[in-house]
Amino acid sequence: MVKKLVIVGNGMAGIKCVEEILDLEPDQFQITIFGAEPRPGYNRVLLSKMLQDESSFEHIVTHNWAWYEENGVRLYAGERVCNIDIAARTVETETGIKEPYDMLILATGSLPFIPPIPGARKRGVIAFRDASDCETMAEYAQTYEKATVIGGGLLGLEAAQGLLNLGMEVGVVHNARYLMNRQLDQTAAALLQRELEQQGMWFHLAKKTVNIMGRNRAQGLMFSDGNRLETDLVVLAVGIRPNIELVQGSGLKVNHAIVVDDYMRTSIPDIYAVGECAEHRGISYGLVAPLYKQCKVLAKVICGRETTPYEGSIPYAQLKVAGIHVFSAGDIREEGNETAVMGYDGMRGIYKKVMMRNGAVTGAILFGDTAESTSLLGMVRRGAPTTELASQDRGVSRAEEAAAALPEEETVCACNGVSKGTILRAITTDKLKTVEEVKSRTKASASCGGCRPLVAALVKNGLSRSTVSEAVVTLTDQEVVPVCGCTHYDHDSLKTAMVAAVCRTPAEVVSRLGWTRQQGCELCRPAVLYYLESLGLREISASSQLAGDVAIQATAQHSGESASASLRFVNFMDLNGGSQLFSESNQIGGEAWVEAVRLKERLLAAWGSRALPSPIAVAICPGPEYPGGVLVRDIGLSRSPAGWEVYAGGHAEHPVRQGRLLGVEENAEEALLMAIACLQMYRHNARYGEKMWEWIERTDVLVLRESVLDAALRSGLAGMAGSLRDYNSDRVTG
């Protein structure tokens, strides 16, 4: 039996519920929607785009009239529901239309908050909440010159930007000392204000409006300090309030909004509420992302499917006006929090601040570059440890870096709940090549657009890798993850095949092993170069290019890719020479310091420029009393009373790993041989790109330990690396 489902509200929440229900049970319900506006569904987040010269209402429509008809949804547009008869299970509109229901969803949204300012009801005073408000603003811009927005929050600044686009002189009045004071700190707010002033806005901060002046229409503002401001148009953007007038006195439990449980159920059976009109655990959300999460849960409840409960959302804000990018998430207050990360680049106008409490990420602010917004929002949601904040400069854009580092299950588009994995699968399966194609296919970046840089980076990464990381093929009856989309080989089978086919150049790898793309991609090019060198098939340096090789090698070198990943020294020792933390004249005794320096020089000379699967961080500490960080580095050598301790597999960033003790040697020479032997085993046995700690966890630390502790085997391994070259001419003794 088909059930009658009525939705009061044709906004983003109401339509999203219908979409989700149609995906689950397209034939189970007879769906009727009542919308107070005489319009089809549109994206309120993009209202400011209506005020741009090149945009119109059609640009922000999400569901045109045909969509309702095609999906069998009956829409009463321009019909405001004024009564719910709970006993008769019907709703009634102001024009007298009555509709029975078996299930009722209330998605009435919110109304603009009108502050109790004398004159707020005059002509020329409007809110900024729906498409009609935008049309009114555009009409005023054709006649008048000066506009003033009351409210320096997210909504107010977007309204002000829209008025600027219409050619008006725009001022913003805000009762706080700085803009977006609930989402930003003073530094970020000052940067924002400076950028907006350069675009033509002007600001009156810490001002309280006590009167809107004018006889027949608004002509000016009066402030509590007695100052006045002339204006032709006043836009109120000081907040919203849940639209709950319909349910007042109906018997539904109402607090600030309509009270719902974790499954969006109200206090009366078969009546549900979702979006801005709903109050969940004492909170009403005015953001798209929480709204869509609520809709997903509610749709499953309506369709009788099992679902995880909605447990709340982390508040965040994203402002995008005229090329200015601002992001804020979580608790950014100084009270009760500490600053975990803070960076400011005045030349580029980039600011980043991350807050923490008890070692966990609690909030974040980004200005100018918001590529990390998705990953930071995920950290705030999880209360991630601050160790996850550590990052390295990989020579790529911050958006590409953030895209690469993001787990595939992480949400990229919070507005529409689209994960990285979903985007990558769509790129591969549907052969998508642009952000617009991804948006059309997955809806990622279709709402607020804040995730667009990240989506663009994923498109770029997806095109070069040509496949998603979950794609697997069967080789010798085992599931393996291929190196990339250019080949069906995984790393281990690729090495075996290269040796078996006697491949000595990238061209031979491509032709003999059946590469699907002659130039390879950013994943396989450096891997091929590395395996050719590390397996001794052919020596390849970053500057070499033999005649006859196909473009796979030339492209790799042109883009800066090479087989080499070198040693770098951190903490006590610095690869560029000298001591980062100490010098000969400070705390460390001269003999201990000289010994550590010589160890570093010997290790560099012994290893040379040989390639490694992944860059290796080395820490050399002259004694246990000094903070050398040997336990959180790939290779750590520390002098102790018993001799030199050698550690391997430490990792200072997320996930933090403590290095494994390989052994203790009385003199520095044997400790150095142990470290070099470990590097040589790693070089030959690890997969390209595999970090040392990953390799050790994948294999067996006991086998590694036994190998490097065997004096003969250790010397043999070290000799393979060339470490014994002229070794006795300059011994390092302990």
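See the structure printed just above.
Worth saying up front: this structure is predicted, and the values here are computed from it rather than measured. (Residues numbered from 1 in each chain as written. Predicted model: local features only at pLDDT ≥ 70, side-chain atom pairs only at ≥ 80, totals over all residues. Heavy atoms only, no water.)

## Focus: the environment of Gly304
Applied cut-off: For helices the rule is a DSSP run of H or I covering at least 4 residues; for strands it is a run of E covering at least 2, with both sets numbered from the N terminus onward. Only protein chains enter the accessibility calculation, which uses a 1.4 Å probe; a residue whose area is less than 20% of its type maximum is buried, one above 50% is exposed, and one in between is partly exposed.
If you trace the backbone, Gly304 turns up in the loop between helix 6 (288-302) and strand 23 (316-321). Look at Gly304 and you get exposed, because its relative accessible area is 67%. A C-alpha to C-alpha distance of 9.7 Å links Gly304 and Glu25, two positions 279 residues apart in sequence.

## Here we look at the packing of aromatic side chains
Here a ring pair, both rings aromatic, is described through the centre-centre distance and the interplanar angle of the planes. Heads up, the rule is: To pair, rings of Phe, Tyr and Trp, with the six-membered ring standing in for Trp, must have centres within 6.5 Å; the planes then decide the type, stacked if under 30 degrees apart, edge-to-face if over 60, and tilted in the middle. Criterion for a charge above a ring: Lys NZ or Arg CZ within 6 Å of the ring centre, and within 35 degrees of the ring normal.
Summed over the entire model, instances satisfying the criterion amount to ten aromatic pairs. Where Tyr344 meets Tyr351, the ring centres are 6.4 Å apart and the plane angle is 75°; that geometry is what we call edge-to-face. Counting every residue linked through ring pairs, the aromatic cluster contains Tyr530, Tyr531 and Tyr688. Over the ring of Tyr292 we find Lys16; its NZ or CZ atom is 4.8 Å from the centre of that ring. Against the face of Phe57 rests Arg39, its NZ or CZ located 5.0 Å from the ring centre.

## Brief notes about unusual backbone geometry
At Met264, a position not held by glycine, the phi torsion is positive, near 65°. Even without being a glycine, Asn358 presents a positive backbone phi close to 55°. Following the sequence through the fold, Asn358 ends up in the loop between strand 26 (350-357) and strand 27 (360-367). Taking relative accessible area as the criterion, Asn358 reaches 75% and is therefore assigned exposed.

## Focus on the sheet that holds strand 15 (residues 209-213)
Applicable threshold: Any two strands are treated as partners once DSSP identifies two or more bridges connecting them. In this analysis, axes come from line fits to C-alpha atoms, helices being fitted only over the stretch in contact, and the angle between any two N-to-C directions falls in the range 0 to 180 degrees.
As summarised here, the arrangement of the three strands in space is 15-16-17, forming an open sheet in which the pairing is antiparallel. At either margin of the open sheet sits one strand with a lone partner, and together these are strand 15 and strand 17 (228-230). Strand-to-strand twist in this sheet, taken as the mean axis angle between neighbours without regard to direction, amounts to 20°. With four bridges connecting them, strand 15 and strand 16 (residues 220-223) associate as antiparallel partners. From the neighbouring strand, Met213 faces strand 16, where its bridge partner is Gly220.

## Looking at the packing of helix 12 (residues 491-500) against helix 14 (residues 524-534)
Applied cut-off: Note on terminology: angles under 35 degrees are roughly parallel, angles over 145 are roughly antiparallel, angles of 65 to 115 are roughly perpendicular, and the others are oblique. Each crossing gets its hand from how the near helix is turned against the far one by less than a right angle, where anticlockwise is left-handed and clockwise is right-handed. The criterion used for residue contact is that any of the two residues' heavy atoms lie within 4.5 Å.
Orientation of helix 12 relative to helix 14, taken along the N-to-C sense of each, is 50°, at an axis distance of 11 Å. Accordingly, the angle class assigned to the pair helix 12 and helix 14 is oblique. Crossing handedness for the pair helix 12 and helix 14: right-handed. Note on element contacts: helix 14 touches helix 12 through Ala527, Val528, Tyr531 and Leu532, opposite His491, Leu494, Lys495 and Met498.

## Details of the sheet that holds strand 21 (residues 271-273)
Spatial strand order, 5-2-1-9-21: five strands in an open sheet with parallel pairing. Looking at the sheet topology across the chains shown, the edges are occupied by strand 5 (74-77) and strand 21. Taking each pair of neighbouring strands and ignoring which way they run, the sheet shows an average axis angle of 15°. The strands touched by helix 1 (residues 12-24) are strand 1 (3-8), strand 2 (29-35) and strand 9 (103-106); relative to strand 2, the strand with the most contacts, the crossing angle is about 170°.

## Re the nonpolar core
Here is the rule we go by: Joining through side-chain atoms within 4.5 Å is the link that ties buried Ala, Val, Leu, Ile, Met, Phe, Trp, Tyr and Cys residues into a set, and such a set is a nonpolar core.
Ranked by internal contacts, the top residues of the largest apolar core, which has 55 residues, are Leu5, Ile31, Leu104, Ile105, Leu106 and Ile302. Looking at this core, the element that brings in the most residues is helix 6, giving nine residues. Not counting chain neighbours up to four residues away, the residues in contact with Ile31 comprise Leu5, Ile7, Val18, Leu22, Gly72, Val73 and Arg74. Ranked by size, the runner-up nonpolar core spans 44 residues in total, among them Ala147, Leu184, Phe203 and Ile332.

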